[in-house]
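Commentary on secondary and tertiary structure
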There are 2 protein chains.
Amino acid sequence: MGPQILSVLETPVYVDDMEQAHDFYHGVLGLTRMMEGARVSAYDVAPTQALLVCLRGACDEDVMVRGALVPGHRADGPGHFAFRIAIDTIDAWIEHLEGHKIALESRVEWPGGGTSLYFRDPFDNVVELGTAGIWPNDPL
Amino acid sequence: MGPQILSVLETPVYVDDMEQAHDFYHGVLGLTRMMEGARVSAYDVAPTQALLVCLRGACDEDVMVRGALVPGHRADGPGHFAFRIAIDTIDAWIEHLEGHKIALESRVEWPGGGTSLYFRDPFDNVVELGTAGIWPNDPL
């Protein structure tokens, strides 16, 4: 038994325009920007959890931070990740997205009783809002 | 004020071989596989948080689940994400990774007092283990 992982600290999403990304991740999804950068901005998803909004192509190179290397990274293609929402906010989310002219691509009801809403960010990434009842470590 | 996001539910990583991925994410990092699939497997990172291990190229197409569409997704390139670890386990993690012949690429000490360890999964993804003291929503 080795040392333990506690939780997710950072989930990335790769975008092509940081302002447009802010309009979506802050303006529509309501996340607060904790750190604003030209290459990477960080949004507060929950205590101890960050969404890294990475400008595609600008993060490829390694950078030096306080004398140490932070490796570059990149992703091309329509990526995917999911945020967790309360099951009693599904209707409010659907209405909220409609109000922002965000097309709901799909709504899936999972065998465990959970619900997922799928839609796109402005860069074709597949964003999911999911409830309890999707994964075994998060029962209804 | 719209409906709220609670937390990260799913973080993806794209891999080229599911068995090799399991050897790394379970065998080295110690995560339990909650769901095993040919296209996607899900690992238990923490209660309510999943790592989605996605076989690159096999998740591109939309699939139908119980009559509803789950949109396809894809990422090419060396992706990135971070797991959170306790600050008093840094040395144990370095030793643990060495024991598994995983090369530590970098160790960064952040202004807020946190530490990040960077290394690669077998598919060149940049895996980070980070402590408190990196982001404003997770002070030391």
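All values derive from a computational prediction rather than experimental measurement.

**Details of the nonpolar core**
Counting residues in each nonpolar core, the largest one holds 78 residues, and the members touching the most others are V45, L51 and V53 of chain A together with V45, L51 and V53 of chain B. Beyond its immediate stretch of four places on either side in the chain, V45 of chain B contacts I5, S7 and V8 of chain A together with L31, A50, L51 and F83 of chain B.

**Thoughts on helix 1 (residues 18-28) of chain A**
An α-helix turns once every 3.6 residues. As a result, residues three or four positions apart point the same way. Residue and element names in this part refer to chain A. Those residues of helix 1 lying buried are A21, F24 and Y25. Buried residues of helix 1, seen end-on, are gathered within an arc of 80° and therefore sit on one face of the element. For helix 1, the exposed residues lying more than 90 degrees away from the buried face are E19 and G27. If you follow the buried residues of helix 1, they end up packed against strand 1 (7-15), strand 3 (40-46) and strand 4 (49-55). Positive backbone phi, at 85°, marks G30, one or two positions downstream of helix 1.

**Let's talk about the environment of T11 of chain A**
Looking at the element boundaries, T11 of chain A is found in strand 1. On a C-alpha basis, the gap between T11 of chain A and V70 of chain A in space is 16 Å, while along the polypeptide they are 59 residues apart. Dropping the residues within four chain positions of it, T11 of chain A is found in contact with L51, L52 and F81 of chain A together with V8, T11 and F81 of chain B.

**Focus: the pairing of strand 7 (residues 80-84) of chain B**
Extensive coverage of strand 7 of chain B is indicated by the burial of five of its five residues. Alternating residues of strand 7 of chain B divide into H80, A82 and R84 of chain B and F81 and F83 of chain B, and every residue in both groups is buried. Both strand 1 of chain A and strand 7 of chain B contribute to a ladder of three bridges, which runs antiparallel. Across the sheet, the residue bridging to E10 of chain A is A82 of chain B, located in strand 7 of chain B.

**Some remarks on the sheet that holds strand 2 (residues 32-35) of chain B**
Judged by pairing direction, the sheet is mixed, and its eight strands sit side by side in the order 8(A)-9(A)-10(A)-7(A)-1(B)-4(B)-3(B)-2(B) without closing on themselves. Strands at the two margins of the open sheet, each flanked by one partner only, are strand 8 (106-109) of chain A together with strand 2 of chain B. Recorded for the sheet is a direction-independent mean angle of 25° between the axes of neighbouring strands.

**Concerning the relation of the copies chain A and chain B**
Structural alignment of chain A on chain B gives an RMSD of 0.0 Å, achieved by rotating through 180° and translating 0.0 Å along the axis. Each copy turns onto its partner about a two-fold axis. Most of the interface of chain A is mirrored in chain B: 100% of its interface residues are interface residues there too.

**Topic: the domain arrangement of chain A**
All names here are of chain A. Structurally, chain A comprises domain 1 (1-76) and domain 2 (77-140). Taken over C-alpha atoms, the centre of domain 1 sits 20 Å from the centre of domain 2. Of the residues lining the interface, eleven residues belong to domain 1; the matching set on domain 2 comes to ten residues. Residues that form the side of domain 1 that touches domain 2 fall into these classes: seven nonpolar, two polar and two charged.

**A look at the sheet that holds strand 10 (residues 126-130) of chain B**
The mixed open sheet is built from eight strands, whose spatial order is 2(A)-3(A)-4(A)-1(A)-7(B)-10(B)-9(B)-8(B). The open sheet is flanked by strand 2 (32-35) of chain A together with strand 8 (106-109) of chain B, the only strands paired with a single partner. If you compare each strand with its neighbour and ignore which way they point, the axes differ by 25° on average. Relative to strand 4 of chain A, helix 1 of chain A is tilted by about 150°, and along the sheet it contacts strand 1, strand 2, strand 3 and strand 4 of chain A.

The rules behind the values
- Numbering of residues starts from 1 in each chain and follows the order in which that chain's sequence is written.
- The order in which chains are written sets their letters, starting at A; the order in which ligands are written sets their numbers, starting at 1.
- Reporting in this predicted model follows two pLDDT cut-offs: at least 70 for local features of residues, and 80 or more for side-chain atom pairs to be given and counted; totals over whole chains, interfaces and linings ignore these cut-offs and use all residues.
- By definition, a nonpolar core groups buried Ala, Val, Leu, Ile, Met, Phe, Trp, Tyr and Cys residues that are joined through C-beta atoms within 7 Å.
- Exposure criterion: with C-beta atoms placed from backbone coordinates, a residue whose C-beta has 20 or more other C-beta atoms within 10 Å is buried, one with 12 or fewer is exposed, and one in between is partly exposed.
- Two residues qualify as a contact pair if the distance between their C-beta atoms, derived from the backbone, is within 7 Å.
- Secondary structure elements are taken from DSSP: a helix is a run of H or I of four residues or more, a strand is a run of E of two residues or more, and numbering for both begins at the N terminus.
- Note: the arc covers the axis-to-C-beta directions of the helix.
- Strands pair, by our definition, only if DSSP identifies at least two bridges between them.
- Fitted lines through C-alpha atoms serve as axes, helices being fitted only where they are in contact, and the angles separating the N-to-C directions of these axes extend from 0 to 180 degrees.
- A residue counts toward the fit only if its pLDDT is at least 70 in both copies, and the copies are then superposed by least squares on the C-alpha atoms of those residues.
- The split into domains, and so the bounds of each, comes from an automatic or database assignment of domains.
- In this count, Pro and Cys sit with the nonpolar residues alongside Ala, Val, Leu, Ile, Met, Phe, Trp and Tyr, while Asp, Glu, Lys and Arg are called charged and the others, Gly among them, polar.

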